Amino acid sequence: MFRGKAWKFGNDINTDEIIPARYLNSSDPDELAKHCMEDAAPDFPAKMSKGDIIIGGKNFGCGSSREHAPIAIKAAGISCVIAHSFARIFFRNAFNMGLPIFCCPEAARNIKEGDEIQVSPETGLIENLTDGKEYRAQPIPEFMRNLIKAGGLMKYVAAYTKEKSEKEK
Amino acid sequence: MLELWGLIMGMTISEKILAAHSGRDRVCPGELVIANVDVALGNDITAPIAIREFEQTGVKNVFDRDKIVLVPDHFTPNKDIASAEQCKILRDFAKKYGITHYFEIGEVGIEHVLLPEQGIVLPGEIIIGADSHTCTYGALGAFSTGVGSTDLAAAMIGGKAWFRVPESIKFIYTGKLKKWVSGKDLILYTIGKIGVDGALYKSMEFTGPALKYVDMAGRFSMANMAIEAGAKNGIFIPDGITEEYVSVRAKKRYTFYDSDSDASYSDVIKINTDIIDLQVACPNLPENTKPVGELKDVELDQVVIGSCTNGRIEDLRVAAGIMKGQKVAKYLRCIIIPGSQKVYLNALDEGLIEVFIKAGAVVSAPTCGPCLGGHMGILASGEKALATTNRNFIGRMGHPKSKVYLSGPAVAAASAVKGKIISPEEILK
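Residues numbered from 1 in each chain as written. Chains lettered and ligands numbered in written order. Predicted model: local features only at pLDDT ≥ 70, side-chain atom pairs only at ≥ 80, totals over all residues. Heavy atoms only, no water.

Draft legend 1. Structural detail: the domain arrangement of chain B. Residues and elements named next belong to chain B. Taken as a whole, chain B is organised into domain 1 (18–164), domain 2 (168–275) and domain 3 (279–428). The C-alpha-based centres of domain 1 and domain 2 are spaced at 23 Å. The interface of domain 1 with domain 2 comprises 24 residues on the first partner and 27 residues on the second. Across the interface of domain 1 and domain 2, roughly 2,100 Å² is buried in total on both sides, 60% from carbon and sulfur atoms. On the domain 1 side of the contact with domain 2, Leu122, Pro123 and Ala139 bury the most area, a combined 24% of that side's loss. The partner of Lys252 in a salt bridge is Glu125, and the shortest N-O contact between them spans 3.3 Å. At the surface where domain 1 touches domain 2, the tally comes to 11 residue pairs in polar contact (both at pLDDT 80 or more). Elements supplying a minimum of two residues to the side of domain 1 that touches domain 2: helix H4 (111–117), strand E6 (143–146) and strand E7 (160–164). Looking at which element gives the most residues to the side of domain 1 that touches domain 2, the answer is E6, with three residues. (Domains from an automatic or database assignment. Contact = heavy atoms within 4.5 Å. Buried area = accessible area lost by both parts, 1.4 Å probe. Salt bridge = Lys/Arg side-chain N within 4 Å of Asp/Glu carboxyl O. Polar contact = N/O pair within 3.5 Å; in protein donor to acceptor, adjacent residues only side chain to side chain. Helix = DSSP H or I, 4+ residues; strand = E, 2+ residues; numbered from the N terminus.)

Rendered as structure tokens:
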């Protein structure tokens, strides 16, 4: 279950706004986190709290293939992203990095900045605790929840491979 | 059953390539397939993450040292210590595993100019690259798409990647091209029409009789910007123009695929090229396109001619043709970036470099550099640039309060001379 304050962004939030290329000479998550969403909202890294939720419009994460974008969001402590729609490469990268994302146009439209939001990855239920409204996104399937729990695709594969080889012993 | 009823549909070129690489007779949009990749590409921004993930798995070797391509092109020649460290990760990895296609400074070019030029990517292949503009190679009739570093790491280990077979949108270009109009103008016009998510998750298939007037350089520009409409890939049906380009470069066999006449498309969009003027995309999205004539008095601080979109010899010829005997406007910085060493050398042989230098432009070594606000031409607050690059997002070329306009090389060269955005007709009349 994810719970946090909503930070609202517009349509076509691109990877240059999520993590500007001037910081890409590093791939250290903590370093990237310091500049998360900086060109969309310069004070975002300073003002956000651990667990907070990003609300995006359509085509969230468009632009570059840089995994630094979901890495920066995750390392900053954002618990999940809800958007009207996601750009293709970002969608794939987010799950591969272990960042939960939810596609839900109604929630993306109606949730207001500062609302307290609770999201269940098991059911896809999005609750706005501030105004009492509820929305439904696709639940995240079990394998993907395990992948997120493991911390991303490679860690998931490594854990799975280890478990398999131990069983074979 | 469908076969028995004669209802089976044909396949698009993208579906055929995906089927051929996943050991299938046919694939349908929406299906997930695991496919063999012919080339897996990474650069100095994305490969370090992939290499770190590769090393953490403890595997002993790469799947095929000839099929992994490492191109340190973004922040090279190394712009600072951190970038030097990133490039060192690529170099050390290339040495350790004997990677055939690693390009050191002196031979490196902008990846999407370099790979086709070297015959490393070919028609009918599947190419994945940890760079969103990997879709460029679709110009050759290949299925080529950008992925993240993790997908690259997995491909470096196993030589495979999973794909959701995309729906295709067929674009049919008919008509002739107006003077100066290039592939860049066609794609900017197209993105202006469908929007930056107009082809989200889909394949953009570029077809139609007008494309016989678009050379390979123009086709690379078009496929390159498919991602700017949200597409998974952009693809051309290979023809005589493709064959002429590829036959002299290929060192291995390649296959031309064509879409069946009864292939299914999620949309068919007809575009009359007779009405397309020179295009400019205004800040801050590539979809904000206008004919150049509608832009009045946009004064410029910088012009960049280069990038994976427009850094080829054909682009430099157009720019030099306009700048010959002219001077870059006072207080404007004009930066010319040949896309590869070969492009640079050709430009030198043809006297283009001399034209640029005499006009007061600066010529850089091949690099992505300013396109993504890396180095070699960063903008200050409030400054405006016109670039032949592919993105004009907020802060793309420097300060978040700077602005980037996009165009083809003809408008860029003319605008560098005039100091504001202008059509080449205005300075050549």
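That was the structure; now back to the text.
Draft legend 2. Seen up close, the layout of surface pockets. Empty space within the largest pocket amounts to approximately 810 Å³. Along its surface, the largest pocket is lined by 24 residues, and Phe91, Arg92, Phe95 and Met144 of chain A together with Trp162 of chain B are the ones closest to its centre. For the lining of the largest pocket, the secondary-structure elements that each account for two or more residues are helix H5 (88–97), strand E4 (101–103) and helix H7 (142–150) of chain A together with E7 of chain B. If one sorts the elements of the lining of the largest pocket by residue count, H5 of chain A sits on top with five residues. (1 Å grid on protein atoms, 1.4 Å probe; cavity = no way out; pocket = protein on both sides within 12 Å on 5 of 7 lines; lining within 4 Å. Points joined across faces, edges and corners; volume = space filled by probe spheres on them.)

Draft legend 3. Structural context of the interface of chain B and chain A. Contacts between the two partners involve 42 residues from chain B, matched on the other side by 33 residues from chain A. Interface area, chain B with chain A, both sides summed: about 3,100 Å², of which 53% is carbon and sulfur. It is Thr150, Tyr201 and Phe393 of chain B in chain B that bury the most area against chain A; as a group they hold 16% of the surface buried on that side. The tally of links from chain B across to chain A stands at three salt bridges. The shortest N-O distance in the salt bridge between Asp197 of chain B and Lys58 of chain A comes to 3.4 Å.

Draft legend 4. Just the side chain of Asn224 of chain B, in detail. In this fold, Asn224 of chain B is placed in helix H7 (residues 216–224). Within the local environment of Asn224 of chain B, its side chain forms a polar contact with the side chain of Thr309 of chain B, the two groups lying 2.9 Å apart.

Draft legend 5. Expanded view of the pattern of salt bridges. Within the structure shown, the criterion is met by 26 salt bridges over all chains. The salt bridge involving Lys88 of chain B is made with Asp92 of chain B; its shortest N-O contact spans 3.4 Å. Highlighted residues: Lys88 of chain B and Asp92 of chain B, both in helix H3 (residues 81–97), separated by four residues, approximately one helical turn. Of the charged contacts in the structure, one is a salt bridge between Asp239 of chain B and Arg219 of chain B, with a shortest N-O distance of 2.9 Å. Of this pair, Asp239 of chain B sits in the loop between strand E10 (233–236) and helix H8 (240–247) while Arg219 of chain B sits in helix H7, and the two are 20 residues apart along the sequence. Judged by relative accessible area, which is 1%, Arg219 of chain B ranks as buried. Through salt bridges with shared partners, a single ionic network connects Asp12 and Lys58 of chain A together with Asp197 of chain B. (Buried < 20%, exposed > 50% of the residue type's maximum accessible area, 1.4 Å probe, protein only.)

Draft legend 6. Seen up close, the pairing of strand E9 (residues 203–207) of chain B. All names here are of chain B. When you tally the buried positions in E9, you get five out of five residues, the bulk of the element. Here five bridges tie strand E8 (residues 168–174) to E9, and the two strands are oriented parallel to one another. Of the residues in E9, the one forming a bridge with Lys170 is Glu205. Handedness of the crossover is the feature at issue here: the chain leaves E8, passes through helix H6 (residues 183–194), returns alongside E9, and the resulting connection is right-handed. Note: E9 against E10, four bridges, orientation parallel. The residue of E10 that forms the bridge with Met204 is Gly234. Taken together, E9, H7 and E10 form a β-α-β motif whose crossover is right-handed. (Pairing = 2+ DSSP bridges. Right-handed = clockwise from strand over helix to strand, strands pointing away.)

Draft legend 7. Broad picture of the sheet that holds strand E11 (residues 267–272) of chain B. Residue and element names in this part refer to chain B. The strand order across the open sheet built from four strands is E10-E9-E8-E11, with neighbouring strands paired in parallel fashion. Of all the strands in the sheet, just E10 and E11 have a single pairing partner and so form its edges. With strand direction ignored, the average angle separating the axes of adjacent strands in the sheet is 20 degrees. Strands E9 and E10 of the sheet are contacted by helix H1 (residues 13–21), whose axis makes an angle of about 105 degrees with E10. (Axes fitted to C-alpha atoms, helices over the stretch in contact; angles between N-to-C directions.)

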